[in-house]
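Summary of the model geometry
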Amino acid sequence: MSWRDYCCISRQALSSNPEQIWLRSRRVERRRLQNNQPAGSEADRSSETGLAQQPRISAGCHVCRATQWTLVCSSGEILSQRRLLERFYRRRWLAQPSGTWEDRWIFTQNYLTSIVACLKCGLLYRNPHPRPEAISRASRAKRDDRADLRAEFESQRRWFHSKTETLYGHLPARSRGAPRILEIGGVMTGFLAEGQALGWEMLGLDPDQAVADFCRREGLPILQRTVENVELSPESFDAVAIWNTFDQLSDPQTLLAAVVPLIRSGGVLVIRIPNGACFEWAMALRAKLSKQWRRPLDTALAWNNFLTFPYLYGYSPAGLASLVTGFGLTLRACHADTLPSVPAGHLKWWAGLEERMVKGGWRAAFAVSRQPAEGDFHLAPWLDVYFQRL
């Protein structure tokens, strides 16, 4: 970005809010990049700023309905973290075509707001945030832009090799021959493939056209539907997995009301979530550190997509349990985890080494601080939470 561009942005700063300034700087940077890479599509640009332009509503906790909260991270701090995250990926990405490196830091929940925690149950959420219908539209548009499904597929298969073993261990004994498994909400194609390889009867539900087409080409069973608008027999699945998107749902109760009746008695529901307790702990620690000592923490958070906390909700195991157990399930286990690795061929060699070291450090940290399932797991950025139907 040239000095003239920066001066232009600075002159406008006196009459603009921080979010408008950042969006202008992104447009300037896009013009600069057009000289040496393909320009993003109109859909790319609209998905980047869509929710930032939507009116917002002040919200209470959708788990316990409380309206009192405490501030975890201000909008000004979110803006600072957004800039850090952009620099983080620019420096580490091997190639920078539109739709690969930007997907790592431009998210659906890509607007400036505060992150707060419910004083009653501890749920983290973005407040204020756009109306639920606007979030749903933006989420669908963002998913339509996803590219490089092949690389994601290969990476996911390796990642799900251990997760299928864990899921199998939680299935009731009568289901361990050829269990029937349903995956919903942002299908992870590698999970369907790993389950098929084990001889399981798999089915995925995903409304996204690109994902559905890819699955059909790979011979993976999928219906281009949502669980709310598909007809499936009650109690016909041994397990339902939601590996993606639960944290983005404005109304998870509606989803759970549709999902739970599909699970057989003794069957399993597994939900993967970003750990709100971990982000809250990290922000409290970050506030106490000098700028120099924040850098290692920021790096660790960035490798787990925790800078800016780009999720609508951040559940803890206990908070998620308080939501789910009302539908006739009981908390069975909680498994700490990190974000899946970046697909091969996307990172510079040293960045790939850094990613492995950082995530190995996270895993070592929560391995030596084992907690019961109802603990907050504050050293684990991601959690796989298992529930059993009574």
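Scroll up a little and you will see the structure.
Residues numbered from 1 in each chain as written. Predicted model: local features only at pLDDT ≥ 70, side-chain atom pairs only at ≥ 80, totals over all residues. Heavy atoms only, no water.

Now for the side chain of Thr-113. Inspection of the secondary structure assignment puts Thr-113 in the loop between helix 4 (75-92) and strand 3 (114-118). For Thr-113, a relative accessible area of 3% puts it in the buried group. Among the polar contacts made by the side chain of Thr-113, one reaches the main-chain carbonyl oxygen of Pro-128 at a distance of 2.6 Å. Those residues in contact with Thr-113 that sit more than four places away from it in its chain are Arg-56, Cys-73, Ser-74, Ser-75, Ile-78, Arg-126, Asn-127 and Pro-128. (Helix = DSSP H or I, 4+ residues; strand = E, 2+ residues; numbered from the N terminus. Buried < 20%, exposed > 50% of the residue type's maximum accessible area, 1.4 Å probe, protein only. Polar contact = N/O pair within 3.5 Å; in protein donor to acceptor, adjacent residues only side chain to side chain. Contact = heavy atoms within 4.5 Å.)

Together, Trp-349, Leu-353 and Met-357 line one region of the surface with nonpolar side chains, adding up to about 400 Å² of accessible area. Summarising the element assignment, Leu-353 is placed in helix 13 (residues 349-367). (Patch = residues over 30% accessible without salt bridge, like charges linked within 9 Å, V, L, I, M, F, W, Y side chains within 5 Å. Areas by Shrake-Rupley, 256 points an atom, 1.4 Å probe, with all protein chains shown as cover. Salt bridge = Lys/Arg side-chain N within 4 Å of Asp/Glu carboxyl O.)

Attention shifts here to helix 10 (residues 276-288). Over its 13 residues, helix 10 extends 19 Å from the first C-alpha to the last, a length consistent with the 18 Å expected when each residue adds 1.5 Å. For helix 10, every residue scored as buried is listed here: Gly-276, Ala-277, Cys-278, Phe-279, Ala-282, Met-283 and Arg-286. Where helix 10 starts, the residue carrying a side-chain oxygen 3.1 Å from the main-chain nitrogen of Ala-277 turns out to be Asn-275. (Expected span 1.5 Å × (residues − 1).)

Turning our attention to the nonpolar core. Grouped together as the largest cluster of nonpolar side chains are 80 residues, with contacts concentrated most on Phe-246, Leu-269 and Ile-271. The biggest single contributor to this core is helix 4, with five residues. For Leu-269, the contacting residues outside a window of four places in its chain are Val-240, Ile-242, Leu-256, Val-259, Ile-263, Val-324, Leu-329, Val-385, Tyr-386 and Phe-387. In terms of nonpolar packing, the next biggest core, distinct from the first, is built from 25 residues, Phe-153, Met-188, Trp-243 and Ala-333 among them. (Core = buried A, V, L, I, M, F, W, Y, C linked by side-chain atoms within 4.5 Å.)

Before going further, it helps to spend a moment on the environment of Ala-302. Relative to the elements of secondary structure, Ala-302 occurs in helix 11 (residues 291-302). Using a relative accessible area of 0% as the deciding quantity, one classes Ala-302 as buried. Through-space distance from the C-alpha of Ala-302 to that of Leu-339 is 10.0 Å; in sequence the pair is 37 residues apart. Each residue touching Ala-302, except ones within four places of it in the same chain, is listed here: Leu-85, Phe-88, Tyr-89 and Leu-307.

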